[in-house]
Amino acid sequence: PVITETSYTDGDTSITITEHVVGSGTDQTIYYVADIQVSDVTQLLSAFADNQFGLNITQDTSAIAEDNNAIFAINGDYYGFRESGILIRNGVIYRDGGARTGVAFTTDGEMFVYDETTTTAADLLAQGVWQTLSFGPALVDGGVVQDGIDDVEVDTNIGNHSIQGSHPRTGIGMISANHFVFVVVDGRSSESRGLTMTEFAQVFADLGATVAYNLDGGGSSTMYFNGEVVNNSQGRNDERPTSDILYLEG
């Protein structure tokens, strides 16, 4: 592999990370884009905190990444904070309780959003699904920013249902088969206010994503590359422990 401070190349697999600063003063926002191309979507892996599936098992994103020899990672959907949702990770079914809009990666390199309540984990697996995540909302579908996403509520935890306003964010998008963009936004600090959900969706649309999906955000929002945390989620130079990551091995 050829590794620089902001890139990784190994055959047909490449990762390029760019920093973006938009606005100024109290309206300034900093976000990071990882443009990732893989030869096979099974290179896109998921890992659980402490390598255990279960509720309320957490580690920092960087710690999970290091435990799994990751060259690159982002926080996932914090599956361990709820008992619902369809959960397929690395081709294995862990949970089958459809509740919301989910996102799936298939072994042919595609990514799509879907209504969990209209299917089952077994049906998805039979269709070649490799990974699912259950958070939301869907940000972009068919290349179009989705309406009403600034008013969505997500059942992340008791007393924290709303994801409205400007916040740190983590999301994933697909430009074409096996070509993805992962975006992490800093927010809630003097250096970066964060993005609204519609602003976040527009970032993906501007990057050329045909589909994009929101993951757990706030203090969880973390991008990791080659042994270092890339971003500074809330300006505190720390991480909030989470239950899972998406990553590529080094």
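The structure presented is a predicted model; accordingly, all values stated were derived computationally and were not measured.

Can you explain the overall build of the protein chain? Please cite residues and give values.
Secondary structure assignment for the protein chain yields three helices and 19 strands. Taken over C-alpha atoms, the radius of gyration comes to 16 Å for the protein chain, in line with the 18 Å a tight globule of 250 residues would show. A principal-axis box enclosing the C-alpha atoms of the protein chain has dimensions of 50 × 45 × 35 Å. Per-residue burial over the protein chain gives 53% buried out of 250 residues. Pairs at least 24 residues apart make up 69% of the contacts formed inside the protein chain by residues separated by at least 6 positions. Accessible surface computed for the protein chain: about 10100 Å², of which carbon and sulfur atoms make up 44%. Side chains of the protein chain carry 9 positive and 35 negative charges; the gap between the two charge centres is 9 Å.

Lay out the side chain of Thr 106 with the relevant residues and their values.
Examined against the element boundaries, Thr 106 turns out to sit in strand 9 (residues 101-106). Sequence-distant contacts of Thr 106, defined by excluding residues within four places in its chain, comprise Val 41, Phe 112, Gly 128, Val 129 and Trp 130.

Describe in detail the packing of aromatic side chains, supporting the description with residues and values.
Taken as a whole, this structure holds 10 aromatic pairs when the rule is applied. Aromatic pair Phe 48 and Phe 53: ring centres 5.6 Å apart, planes at 50 degrees, arrangement tilted. You can call Phe 53 partly exposed: its relative accessible area is 36%. For the pair Phe 105 and Phe 180, a centre-to-centre distance of 5.3 Å together with 70 degrees between the ring planes defines the contact as edge-to-face. Here Phe 180 lies in strand 15 (residues 179-185) and Phe 105 lies in strand 9, a separation of 75 residues in the sequence. On the basis of relative accessible area, Phe 180 is assigned to the buried category, the value being 1%. Members of the aromatic cluster, joined through ring pairs, are Phe 48, Phe 53, Tyr 79 and Tyr 94.

Just give me the short version of the nonpolar core, but keep the residues and values in it.
By size, the foremost hydrophobic cluster in this structure holds 63 residues, and its most contacted members are Phe 72 and Ile 172. Once residues lying within four places of it in the same chain are set aside, the contact partners of Phe 72 are Ile 15, Ile 17, Ala 34, Ile 36, Phe 182, Met 223, Tyr 224, Phe 225, Leu 246, Tyr 247 and Leu 248. Ile 88, Ala 104, Leu 124 and Val 129 belong to the second largest nonpolar core, which has seven residues in total.

Before we move on, can you summarise the sheet that holds strand 14 (residues 169-176) with the specific residues and values?
Judged by pairing direction, the sheet is antiparallel, and its nine strands sit side by side in the order 1-2-3-4-15-14-16-12-13 without closing on themselves. Strands with a single pairing partner mark the edges of an open sheet, and in this sheet they are strand 1 (2-3) and strand 13 (144-145). With four bridges connecting them, strand 14 and strand 16 (residues 211-214) associate as antiparallel partners. Each residue of the ladder has a partner; that of Ile 172, found in strand 16, is Tyr 213.

Could you give an account of the sheet that holds strand 6 (residues 70-75), naming the residues involved and the relevant values?
Read across the open sheet, the five strands follow the order 5-19-6-17-18; overall the sheet is antiparallel. Only two strands of the sheet have a single neighbouring strand rather than two, namely strand 5 (45-48) and strand 18 (228-229). Both strand 6 and strand 17 (residues 223-225) contribute to a ladder of three bridges, which runs antiparallel. Across the sheet, residue Phe 72 finds its bridge partner in strand 17, namely Phe 225.

Break down the environment of Ile 17 for me, with residues and values.
The residue Ile 17 is located in strand 3 (residues 13-22) in this model. The spatial distance from the C-alpha of Ile 17 to the C-alpha of Tyr 213 is 19 Å, given a sequence separation of 196 residues. Beyond its immediate chain neighbours, meaning those up to four positions away, Ile 17 contacts Thr 6, Val 33, Ala 34, Phe 72, Met 223, Phe 225 and Val 230.

Conventions and cut-offs
Residues numbered from 1 in each chain as written. Predicted model: local features only at pLDDT ≥ 70, side-chain atom pairs only at ≥ 80, totals over all residues. Heavy atoms only, no water. Helix = DSSP H or I, 4+ residues; strand = E, 2+ residues; numbered from the N terminus. Rg over C-alpha atoms; globule rule 2.2 N^0.38 Å. Buried < 20%, exposed > 50% of the residue type's maximum accessible area, 1.4 Å probe, protein only. Contact = heavy atoms within 4.5 Å. Areas by Shrake-Rupley, 256 points an atom, 1.4 Å probe, with all protein chains shown as cover. Lys, Arg positive; Asp, Glu negative; His and termini not counted. Charge placed at Lys NZ, Arg CZ, Asp CG, Glu CD. Phe/Tyr/Trp six-rings, centres within 6.5 Å; stacked < 30°, edge-to-face > 60°. Core = buried A, V, L, I, M, F, W, Y, C linked by side-chain atoms within 4.5 Å. Pairing = 2+ DSSP bridges.

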